[in-house]
Structure formats: structure tokens, C-alpha cells
Amino acid sequence: AVDELLPSLAGKEVWVRARVATSRKQGKMLCFLQLRQSMHTAQAVVFSKESDIVAWAAALPRESVVDVLGELSVPKEPIASCSQSGIELQVRKLFCVSRSMPELPLQLEDAARPDAELEANPDLPRVNQDVRLNHRVIDLRTPCNQAIFRLQSGVCQLFRGFLRSQGFTEIHTPKLVGTASEGGADGFRVEYFGGNAYMAQSPQLYKQMALMADLERVFEVGPVFRAENSLTHRHMTEFTGLDLEMTFKEHYSEVLDILDRTFNAVFDGLNQQFKTELDTVREQHPFEDLRYTCPCLRFTYPEAMALLRKEGPALVRKMMEGVTDATELARLKEREASVASHGDLVDIGTEDEKLLGEIVARTHKQDFYIIDKFPADVRPFYTMPDPIDPTLSNSYDIFIRGEEVTSGAQRIHDPQMLLDQAAAKDPPVDLSPIMAYVDSFKYGAFPHGGGGIGLERVVMLFCGLPNIRKTSLFPRDPKRLSP
Ligand code: ATP
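Presented here is a report on the structure given in the accompanying data block. (Residues numbered from 1 in each chain as written. Predicted model: local features only at pLDDT ≥ 70, side-chain atom pairs only at ≥ 80, totals over all residues. Heavy atoms only, no water.)

1. Focus on the overall build of the protein chain
Short version of the rule: Helix and strand definitions follow DSSP, with helices as H or I runs of at least four residues and strands as E runs of at least two, each counted in order from the N terminus. Only protein chains enter the accessibility calculation, which uses a 1.4 Å probe; a residue is then buried when its area is under 20% of its type maximum, exposed when over 50%, and partly exposed in between. Pairs of residues are marked as contacts when any of their non-hydrogen atoms sit within 4.5 Å. Surface exposure here means Shrake-Rupley accessible area, sampled with a 1.4 Å probe, where a residue is shielded only by the protein chains that are shown. In this charge count, Lys and Arg are treated as positive and Asp and Glu as negative; neither His nor the chain ends contribute. Working definition for charges: the position is that of NZ of Lys, CZ of Arg, CG of Asp or CD of Glu.
Regarding its fold elements, the protein chain presents 15 helices and 16 strands. Of all 483 residues assigned to the protein chain, the portion counted as buried reaches 50%. Considering only contacts within the protein chain whose residues lie at least 6 apart along the sequence, 70% involve residues at least 24 apart. As displayed, the protein chain has an accessible area near 23,000 Å², and 53% of this comes from carbon and sulfur atoms. Positive and negative charge centroids in the protein chain, built from 55 and 68 side chains respectively, lie 7 Å apart.

What follows is the structure, given as C-alpha cells:
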């Protein structure tokens, strides 16, 4: 493999299968090929007195797949343009395994250009998001994208590994379900033998039922479908959920501790085992290391709102500096006032969530935190109310860089309480289509809780990327079902 080509191998002959990233002919007898394999590149030198061999090599279209037999040698000067800068291949044999079409829908060089270069030179060609996604297979070949999907796989491996070490069992819940009313989001309806079925909006009810079936601690890595017709930087209509649910003995904080330690295991694992991938992402899109601790920073919802009221207005005033547009200025003035008076029990919008993230980053120097004790009114019917203050609930969200990556809670395990809570919601929730769920708590039930993590959001926010489509292999949103 190209990443194994190191100066210590000088003198050895090796076979490499890779793509031709670029070719550059110099005179009649010399041609330099840049070979690329995933995140790594190396230089191959074709030298021959037979000029048609050199011409053939130089004419290989970019992205063609070649087999190269080469002798490794140390170049006089390090090759700055290649990841394997301390070694090159003197080509002995060269075969074209598969020839690319000469016209590419986008140039890899343009798609891989670092943010800083684009900023410094506005005239450089840019590849916009739609072009990238329309030709995703080509776009995915950039080193940064190669790194992103290795990191995504890493998050899943680390999530699985940590939870298995804590006695969790991996489960697979149905994605075709009979009802759209799991609370909250809208579901996609599909035809089902003359009737209707829905695509699961979360494994919520089934992972709880698995606990009532004595599985004790469960997790799932699987698709989640949301029929939300909104185009934002962090929502898709299909994403990958990393879900967990567990019984606890004394207090639901046991669940929070597991979630906290799970994230810490994932972050530590990424930093320790995926350094090359993180550096590769940084080369194109620089980002600051995520600041986190174990146990992580925790606030109650009212504490977080107090912090927003105290520190938020000054930050909004800062945003006003230099703004001349009257409408925008008026909007920010309004925002300053609303932030200054944000109620302890009032739901927090995306914009204020981000502002709070900035405040926490400034005041606590942390980018990862939990907000516990959300107002009962803003959570689904199955959420356990706080036993002391019923306006609050035993529920939490987890944030990375000011954006939500996880929602979770202690769930109600008393069937009568579940019915009462559903009836008390405004509007009331009709549980008749999901009586099997309610009934699962009737034959002896364990106190339990859990949470759902969005995989693509974790990767996006860990790497400080601006859009969730960058961390989804083939993203789905209201405007995109293909490729
Ligand atoms: P948001 O408030 O951001 O819309 P949510 O409250 O609907 O999220 P949950 O239903 O609690 O989110 O889902 C749990 C997690 O799944 C979220 O914290 C997030 O990481 C992820 N998630 C939710 N909706 C989406 C989506 N449409 N696209 C990608 N990830 C999502």
C-alpha cells in the first residue's frame, strides 16, 4: 500500500496498485506520475529512452487505475506534493488496469483544495456542494473525504467497543413499523400489502421493550428516518443513529455517566488511533482540537439559561459591531432582548443553543457538555418527570461545539403513569396504536433510561465541519434521493 512506502525500504522492488492523480512529462524520456491510494500519495518516475513508452505513461488519463512495479529510492529533495515525501518509485513495469474517461465531472485537485488557499485566492475554481454530491463517487476520493469516512467508521467501532466492555448487547430493531406516532418527528409512509407502514423515526420504543425482555443493556447502530421537510446544515431525512438504553439501580445519573464515558472513549479513541485521518481532514479544513473532560461539564437547564441571560447579551452586541443593514441590526437588537430575558423553562432555539456553546467555550474552555433537567413540557410523553419539581424532567441533551448530538432521558416504566402523561400532553397523545409498548411495562418493569446519538453530527462537530452532508456517504434530504 502507498502509505507503507517509507525511506527505510529504499532499494526494494514493490508492486503498487493505485490511481494516477497527475502526470507530468519532462522532455522525451521522463514522466512523473503522482500515484494516489486513499489518503496517501507517492511519486513514480518513468524514465525510458523509448519515447513512446514515456508518452504512453504521460497520456494516462487522471484517475486511471494502474499497477506499478517500481524500485524504491530516496529523492534528492523531499517531494512536497506527496504524502510519502521521502521516497519515490523508479518504474520498471507499468500496466493500466482500468482507464478513466478523460473528462472528469470535477477535478480532484479543486475538490481537495485547502480552505486557506481558497480564501487567499478568490479566483481559484471551487466545487460547490451540489456538484460534489451529484458526482459523489469522485468527490469521495479526496484525501479529506477518505479520512472522514474512516473517522465515521472509527466512531462506530469505538462506540461498539466501549459499550460491549460495559456489558451491552447489540440489537437490531425493526425499521418498518405500524405507526408514525412515536412522538415528535414525522414519519415516512410506505405501502404495505394494501395498507400502510412507516419508516422508523428512532428505535426508541423497541429498545425499551428489549429491556423489559431482560436484555438489561442494549445498543443499536442503525438508520433513522425523519420526514422533516427542512433544509438545514444539520438535518437529513435519513441518518445513522447510535442508540443506547439501559436499566439502572439507584438513579438515572448512571445513564448519564455511561453516555459521558462513551463519548470520552470515542473522542480518546479518535485522537489516539486516527491521528493520520484527523491530520488529513485538517489539511483541507483546519479545526481546533475538541476540548472535553471526563466527567464532562454538566449544567441543569435552568443553570444553562441563567448563563445565557448573563453572558449572552454582550455576545449579541459584539455580533452587531460593523453591521450596517438596518433589518439585520433590528433583528440582533431583538435577539439581545430575548436572550437577556430567556425564561428558565422556555425551549431554546438552534441559534441560542449555538450562542450558549460559545459562552461555555469562553467561560469554561470546554466544547463538550451535558444539559440535564429539561423542562417537562418540551419532551416526549414517555419522559420521566422530575420527582421534586414536575415542571422539569429527568432528561438531557448532549452538545458538541454548541450543537445537539444526543437527546436522552429516564423513561417512564409505570404503565398507568405512561397513559396519564400521554393524556396530559397538549395535544394529548393517543397510545392505542402502541399498546404493545405500554403493555410491556405491565409484567414487571425495570427503571431505565438511554439516549440517541446522531453519528454524522458527531463526526461533523468533532471535526468542526460546517455541513452534515460532508459526513454522510450519500446524504438524503428533502431535495436529494440520488445518487
Ligand atoms: P434537533 O433538535 O436537532 O432537530 P431532535 O431533537 O429531533 O434534533 P432527536 O430526535 O432527539 O433529535 O434525535 C437524537 C439525535 O439524532 C440528535 O441529537 C441528533 O444528533 C440526531 N438527529 C436528529 N435528527 C436528525 C436529522 N434530521 N439529521 C441528522 N441527525 C439527526
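2. Here's the deal with the pattern of salt bridges
This is how it is decided: Here, a salt bridge means any side-chain nitrogen of Lys or Arg that lies within 4 Å of a carboxyl oxygen of Asp or Glu.
Within the structure shown, the criterion is met by 35 salt bridges. A salt bridge links Asp-243 to Lys-207; its shortest N-O distance comes to 2.6 Å. A residue pair is termed long-range when its members are at least 10 positions apart, and Asp-243 in strand E11 (residues 238-247) and Lys-207 in helix H7 (residues 204-215) qualify at 36 residues. Among the residues examined, Asp-243 registers a relative accessible area of 7% and is labelled buried. Of the charged contacts, one joins Lys-310 and Glu-311 as a salt bridge, the two residues approaching to 3.2 Å between their closest N and O atoms. Classification of Lys-310 by relative accessible area gives exposed; the value is 65%. A single salt-bridge network, built from bridges that share partners, covers Glu-328, Arg-331, Arg-335, Glu-351 and Asp-352.

3. A short note on the side chain of Arg-234
Applied cut-off: Throughout this description, a polar contact denotes any pair of N or O atoms lying within 3.5 Å of each other; where both atoms belong to protein, one of them has to be capable of donating a hydrogen while the other can accept it, and for residues adjacent in sequence the pair is counted only when both atoms sit in side chains.
For Arg-234, the position within the fold is in the loop between strand E10 (217-225) and E11. A relative accessible area of 7% means that Arg-234 is categorised as buried. At 3.4 Å, the side chain of Arg-234 forms a polar contact with the side chain of Thr-350.

4. Here's the deal with the site of the ligand
For the record, the criterion: Here, proximity means that at least one heavy atom of the residue falls within 4 Å of the molecule or strand. Using protein atoms alone on a 1 Å grid, points that fit a 1.4 Å probe yet trap it form a cavity, whereas open point sets bounded by protein on both sides within 12 Å along at least five of seven lines form a pocket; residues with an atom within 4 Å of a point count as lining. Put plainly, a molecule is in a cavity or pocket when over half of its atoms are within 2 Å of the grid points there. The nonpolar class holds Ala, Val, Leu, Ile, Met, Phe, Trp, Tyr, Cys and Pro. Asp, Glu, Lys and Arg form the charged class, and all remaining residues, Gly among them, are polar.
Around the ligand sit 14 residues, and of these Arg-226, His-235, Glu-404, Val-405 and Arg-457 come closest. Between the ligand and the protein, one listed contact pairs an oxygen atom with a backbone N or O atom of Thr-406 at 3.1 Å. At 3.1 Å from an oxygen atom of the ligand is found a side-chain nitrogen or oxygen belonging to Ser-407. At a threshold of 2 Å from the grid points, most atoms of the ligand map onto the largest pocket. At the level of elements, strand E15 (403-411) and strand E16 (448-454) are the ones that each hand at least two residues to the shell around the ligand. Per-element tally for the shell around the ligand: the top contributor is E15, with 4 residues. Looking at the shell around the ligand residue by residue, the class counts come to 4 nonpolar, 5 polar and 5 charged.

5. Examining the layout of surface pockets
One water molecule sets the probe size; rolling that probe over the atoms shows where empty space is left. Put simply, the rule reads: Grid points are joined across faces, edges and corners, and a volume is the space filled by probe spheres set on the points.
Computed from the structure, the largest pocket encloses a volume of approximately 1,200 Å³. Along its surface, the largest pocket is lined by 44 residues, and Arg-226, Glu-228, Asp-397, Glu-404 and Ser-407 are the ones closest to its centre. At the level of elements, H7, E11, helix H12 (350-364), E15, E16 and helix H15 (455-462) are the ones that each hand at least two residues to the lining of the largest pocket. The leading source of residues in the lining of the largest pocket is E15, at 7 residues. Considered class by class, the residues forming the lining of the largest pocket number 14 nonpolar, 16 polar and 14 charged. In this structure, the second largest pocket spans a volume of roughly 920 Å³. Lining the second largest pocket are 34 residues, with Gln-34, Thr-41, Ser-81, Ala-112 and Pro-143 sitting closest to its centre. Elements represented by at least two residues in the lining of the second largest pocket include exactly strand E1 (13-26), strand E2 (30-37), strand E3 (40-47), helix H2 (108-111), helix H6 (143-165) and helix H9 (275-284).

6. Points about a nonpolar patch on the surface
Put simply, the rule reads: A patch consists of residues whose relative accessible area exceeds 30% and which take part in no salt bridge; residues with like charges are grouped when within 9 Å of each other, and nonpolar side chains (Val, Leu, Ile, Met, Phe, Trp, Tyr) when within 5 Å.
Taken together, Val-137, Leu-473 and Phe-474 make up a surface patch of nonpolar side chains, about 250 Å² in accessible area. In this fold, Leu-473 is placed in the segment after H15.

7. Quick word on H9
For clarity, the cut-off: Regarding the arc, it is the one traced by the directions from the helix axis to the C-beta atoms.
Those residues of H9 not exposed but buried are Glu-277, Leu-278, Thr-280, Val-281 and Gln-284. Across the axial projection of H9, the buried residues extend over an arc of 160°, all falling on one side. With respect to the buried face of H9, the exposed residues turned more than 90 degrees away are Lys-275 and Glu-283. Where H9 is buried, its residues contact H2, helix H3 (115-120), helix H4 (129-134), H6, helix H8 (253-273) and H15.

8. A look at the sheet that holds E2
As a reminder, the rule being used: The criterion for strand pairing is that DSSP finds at least two bridges linking the strands in question. Fitting a line to C-alpha atoms yields each axis, with helices limited to the stretch in contact; the angle taken between N-to-C directions then spans 0 to 180 degrees.
An order of E1-E2-E3-E5-E4 is seen for the 5 strands of this closed barrel, with the pairing classed as mixed. Taking the axes of each pair of neighbouring strands and ignoring which way they run, one obtains an average angle of 50° across the sheet. In terms of strand pairing, E3 meets strand E5 (residues 88-98) through 3 bridges, oriented parallel. Along E5, the bridge assignment pairs Ala-44 with Leu-89.

9. What to know about empty space enclosed by the protein
Scanning the entire structure with this criterion turns up 2 cavities of 30 Å³ or more. Approximately 40 Å³ is the volume attributed to the largest cavity. Those elements that place two or more of their residues in the lining of the largest cavity are H6 and H8. Sort the elements by how many residues they give to the lining of the largest cavity and H8 lands first, with 3 residues. When the residues that make up the lining of the largest cavity are grouped by side-chain class, the tally is 7 nonpolar, 1 polar and no charged. The computed volume of the second largest cavity comes to approximately 30 Å³.

10. Focus: the nonpolar core
The following threshold applies: In this description, a nonpolar core means a group of buried Ala, Val, Leu, Ile, Met, Phe, Trp, Tyr and Cys residues linked to one another through side-chain atoms lying within 4.5 Å.
Phe-159, Phe-263, Phe-267 and Ile-400 are the most contacted members of the largest nonpolar core, which totals 55 residues. With 11 residues, H6 is the largest single contributor of residues to this core. Beyond its immediate sequence surroundings of up to four residues, Phe-267 is in contact with Leu-290, Tyr-292, Phe-368, Ile-400 and Phe-462. In this structure, Val-14, Ala-44, Val-46 and Leu-94 belong to the second largest nonpolar core, which totals 23 residues.

11. Notes on the packing of aromatic side chains
Note the cut-off: Classification of ring pairs rests on two measures: the distance between centres of Phe, Tyr or Trp rings, Trp counted by its six-membered ring, which must be within 6.5 Å, and the angle between planes, read as stacked under 30 degrees, edge-to-face over 60 and tilted in between. Throughout this description, the term charge over a ring refers to an Arg CZ or Lys NZ atom that lies within 6 Å of the ring centre and within 35 degrees of the ring normal.
On inspection of all chains with the given rule, the structure shows 14 aromatic pairs. Measuring from ring centre to ring centre gives 4.9 Å for Tyr-192 and Phe-193, while their planes differ by 65°; the resulting arrangement is edge-to-face. In this structure Phe-193 comes out as exposed when scored by relative accessible area, which is 78%. Taken together, a centroid distance of 6.3 Å and an interplanar angle of 10° make the contact between Tyr-252 and Tyr-396 stacked. You can see Tyr-252 sitting in the loop between E11 and H8 and its partner Tyr-396 sitting in strand E14 (residues 395-400), a full 144 residues away along the chain. A relative accessible area of 0% places Tyr-396 in the buried class. Members of the aromatic cluster, each reached through a chain of ring pairs, are Phe-263, Phe-267, Tyr-292, Phe-368 and Phe-462. Over the face of the ring belonging to Phe-287 we find Arg-282, whose NZ or CZ atom lies 4.1 Å from the ring centre. Above the face of the Phe-374 ring, Arg-379 is positioned so that its terminal group lies 4.4 Å from the ring centre.

None of this, on its own, says anything about what the molecule does.
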